[in-house]
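Descriptive structure summary
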Amino acid sequence: MVALKDFFASDFLLGAAFDGPIPDRLNPAEQALFLQQFNTLTAENCLKPGRVQPEEGRFTFQDADTLADFARTHHLHMVGHTLLWHNNCPEWFFKDGEKQASRELVLKRLRAHIHAVVGRYKGTIAGWDVCNEVIADNEKYLRPSHWLETIGDDFVAQAFRFAHEADPNVLLHYNDYDNENPIKRDKTLRLLRSLREAGCRVDAVGLQGHFLLDKVPFGDVEDAIEIYAREGYQVMITELDLDVLPFVGPEAEITQPLSPEQLAPLLLRQAEQYAKLFSLFRKHRDKITRVTFWNPHDGRSWRNNWPTKGRTNHPLLFDRELRPKAAFYAVTGSS
Ligand code: G3I
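Below, the structure is looked at part by part.

Cut-offs applied
- Sequence order sets the numbering: in each chain, residues are counted from 1 along the sequence as written.
- Side-chain atom pairs in this predicted model are given and counted only at pLDDT of 80 or more, local residue features only at pLDDT of at least 70, and totals for whole chains, interfaces and linings cover all residues.
- Side-chain figures throughout are based on the complete set of non-hydrogen atoms in the structure, without hydrogens or water.
- Counting from the N terminus, the helices are the DSSP runs of H or I reaching at least four residues and the strands are the DSSP runs of E reaching at least two.
- Each residue is placed in one exposure class: buried if its accessible area under a 1.4 Å probe, protein chains only, is under 20% of its type's maximum, exposed if it is over 50%, and partly exposed if it falls in between.
- Counted as positive: Lys and Arg. Counted as negative: Asp and Glu, with His and the chain ends omitted from the count.
- The term salt bridge refers to a pairing of a side-chain nitrogen on Lys or Arg with a carboxyl oxygen on Asp or Glu at a separation within 4 Å.
- Near, as used in this document, describes a residue that has one of its heavy atoms within 4 Å of the molecule or strand being considered.
- Polar contacts, as used here, are pairs of N or O atoms within 3.5 Å; protein pairs need one atom able to donate a hydrogen and one able to accept it. Residues neighboring in sequence count only if both atoms are side-chain atoms.
- Values of accessible area rely on a 1.4 Å probe in the Shrake-Rupley scheme; residue burial ignores everything except the protein chains shown.
- Fitting a line to C-alpha atoms yields each axis, with helices limited to the stretch in contact; the angle taken between N-to-C directions then spans 0 to 180 degrees.
- Definitions for this section: a left-handed crossing has its near helix turned counterclockwise from the far helix by less than a right angle. A right-handed crossing has that turn clockwise.
- Contacts were defined at the residue level, with two residues in contact if any of their heavy atoms lie within 4.5 Å.
- Think of it as three bins: nonpolar holds Ala, Val, Leu, Ile, Met, Phe, Trp, Tyr, Cys and Pro, charged holds Asp, Glu, Lys and Arg, and polar takes everything else, Gly as well.
- How far a helix is expected to stretch is found by multiplying one less than its residue total by 1.5 Å.
- By arc we mean the arc of the directions from the helix axis to the C-beta atoms, nothing more.
- Here the term cavity refers to a set of points on a 1 Å grid, laid over the protein atoms alone, in which a 1.4 Å probe fits but cannot get out; the term pocket refers to an open set having protein on both sides within 12 Å along at least five of seven lines, with lining residues being those that place an atom within 4 Å of a point.
- Grid points are joined across faces, edges and corners, and a volume is the space filled by probe spheres set on the points.

This paragraph deals with the side chain of Glu44. Topologically, Glu44 is positioned in the loop between β2 (40-43) and α3 (49-52). Here Glu44 is buried and forms no salt bridge, its nearest opposite-charge partner Lys48 lying at an N-O distance of 6.4 Å.

Next up, the structure:
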């Protein structure tokens, strides 16, 4: 079997996200698959603020250290995810006793957090998702969050500034979902321009790429790749997967695995759509520097628990038995 990282070696880095600690998260067979197929790894959860600093000044780096050791040992391009997010962020950042913390106090804590975490993995982590999902999905510009409320509009600029200070050599990414959608894309461009005007370094825009079967917005994805690249950013596809189960409405409450007869046509359509996506990515290989799947195989996908828990989903290129699926063969043009 051809390896994805070799097949796309002259195009972009090829990776997957998983969580520390190994071996709880990846058994030896899964590790072997990972190392055979991928050359970049993203920390799925273990570097999120709630995991590394659950209480002020109490850092819990054990899981992330294990993952960083794995990356170092195997010379993987490791991506840190994430320094600032509205989710997985403990309340203590924003509290001063019973009161809301002042802007100065929250900024001091954000700087201390970023310096501690980025500083610890200097030389091992090659790029950081500095800020994740700060653009609003509705008519607003920035997503309402404690960060926005306590610091104000410049919280994103401050985070990028602190990350640059902590490691001037690490790549700095802005990461979001649906940012190929023209409305969200334009708000993202507004944010990126304001960061540039504020003198902040941003190296890459991450398009998460959580897609739904038969609803992949190919045209928007291509436009977004071209537009972000034209603005001077590397484009990274950072959390790719392609859900095959019903996503909204009562049908989304699906707890029984699909039968082989139900699944077969879905996997064929998935294969075609993945192939089309990768031929688009390849066409724009001069703009795209990395493509990362959100998890190495179907059995480890977050999609088994979203939007409802206990699903048996099939969003990736390898199945639960670690076998390549039709989508793998379609993407690599092999059989
Ligand atoms: O580890 C605990 C376990 O001890 C506990 O028994 C169990 C009970 O629910 O929870 C486990 O933690 C879960 C964790 O994933 C590890 O599996 C959390 O509840 C669950 O909320 C967490 O979900 C993660 C989610 O982000 C929220 O942080 C997903 O794994 C992770 O794939 C997902 O990743 C996000 C990206 O960061 C940003 N983009 C979207 C993407 C998908 O939602």
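So, about the site of the ligand. By nearness alone, 14 residues border the ligand, and Glu44, Lys48, His81, Asn88 and Glu239 come closest of all. At a separation of 2.7 Å, an oxygen atom of the ligand approaches a polar side-chain atom of His81. Measuring from an oxygen atom of the ligand, one finds a side-chain N or O atom of Trp294 at 2.9 Å. For the ligand, the accessible surface in isolation is 790 Å², of which the surrounding protein chains cover 51%.

Attention shifts here to the pattern of salt bridges. One pass over the structure, following the stated rule, counts 28 salt bridges. A salt bridge links Arg300 to Glu30; the shortest N-O distance between them is 2.7 Å. Placement of the pair is Arg300 in the loop between β11 (288-293) and α11 (326-332) and Glu30 in helix α2 (residues 28-37), with a sequence separation of 270 residues. A residue is classified by how much of its surface remains accessible, and Glu30, at 5% relative accessible area, is buried. Overlapping salt bridges bring together Asp137, Arg143, Asp176 and Lys184 as one network.

Moving on to the packing of helix α5 (residues 103-120) against helix α7 (residues 155-166). In contact at an axis separation of 9 Å, α5 and α7 are set at 35 degrees when each is read in the N-to-C sense. When you trace α5 past α7, the crossing you get is right-handed. Contact with α5, carried on its side by Arg103, Leu107, Leu110, Arg111, Ile114, His115 and Val118, involves Phe155, Gln158, Ala159, Phe162, Ala163, Glu165 and Ala166 of α7 and no other residues of that element. Residues belonging to the contact of α5 with α7 are distributed by class as follows: 9 nonpolar, 2 polar and 3 charged.

What follows covers helix α4 (residues 62-73). The end-to-end C-alpha distance of α4, which contains 12 residues, comes to 16 Å, matching closely the 16 Å that a straight helix rising 1.5 Å per residue would cover. When α4 is considered as a whole, its buried residues turn out to be Ala64, Leu67, Ala68, Phe70 and Ala71. Axial view of α4: buried residues confined to an arc of 155 degrees, hence all on one face. Exposed residues on α4 whose side chains face more than 90 degrees from its buried face are Gln62 and Thr73. Along its buried surface, α4 packs onto β1 (13-18), α2, β2 and β3 (77-84). His75 occupies a position one or two residues after α4 and carries a positive phi of about 55 degrees.

What follows covers helix α9 (residues 218-230). An ideal rise of 1.5 Å per residue puts 18 Å on 13 residues; α9 measures up with 18 Å between its terminal C-alpha atoms. Contacts made by the buried residues of α9 are with α8 (182-197), β8 (204-207), β9 (210-212), β10 (234-243), α10 (260-283) and β11.

Scanning the model with the defined rule gives 2 cavities of 30 Å³ or more in all. Considering only enclosed or pocket space, the largest cavity measures out at about 50 Å³ in volume. If you trace the largest cavity, you find it lined by Leu84, Trp85, His86, Asn132, Glu133, Val134, Arg143, Ser145, Trp147 and Phe155. Looking at the lining of the largest cavity, its residues break down into 5 nonpolar, 3 polar and 2 charged. In this structure, the second largest cavity encloses a volume near 30 Å³. What lines the second largest cavity is simply Glu180, Leu207, Gly209, Phe211, Val221, Ile237 and Phe281. A breakdown of the residues in the lining of the second largest cavity according to their chemical character gives 5 nonpolar, 1 polar and 1 charged.

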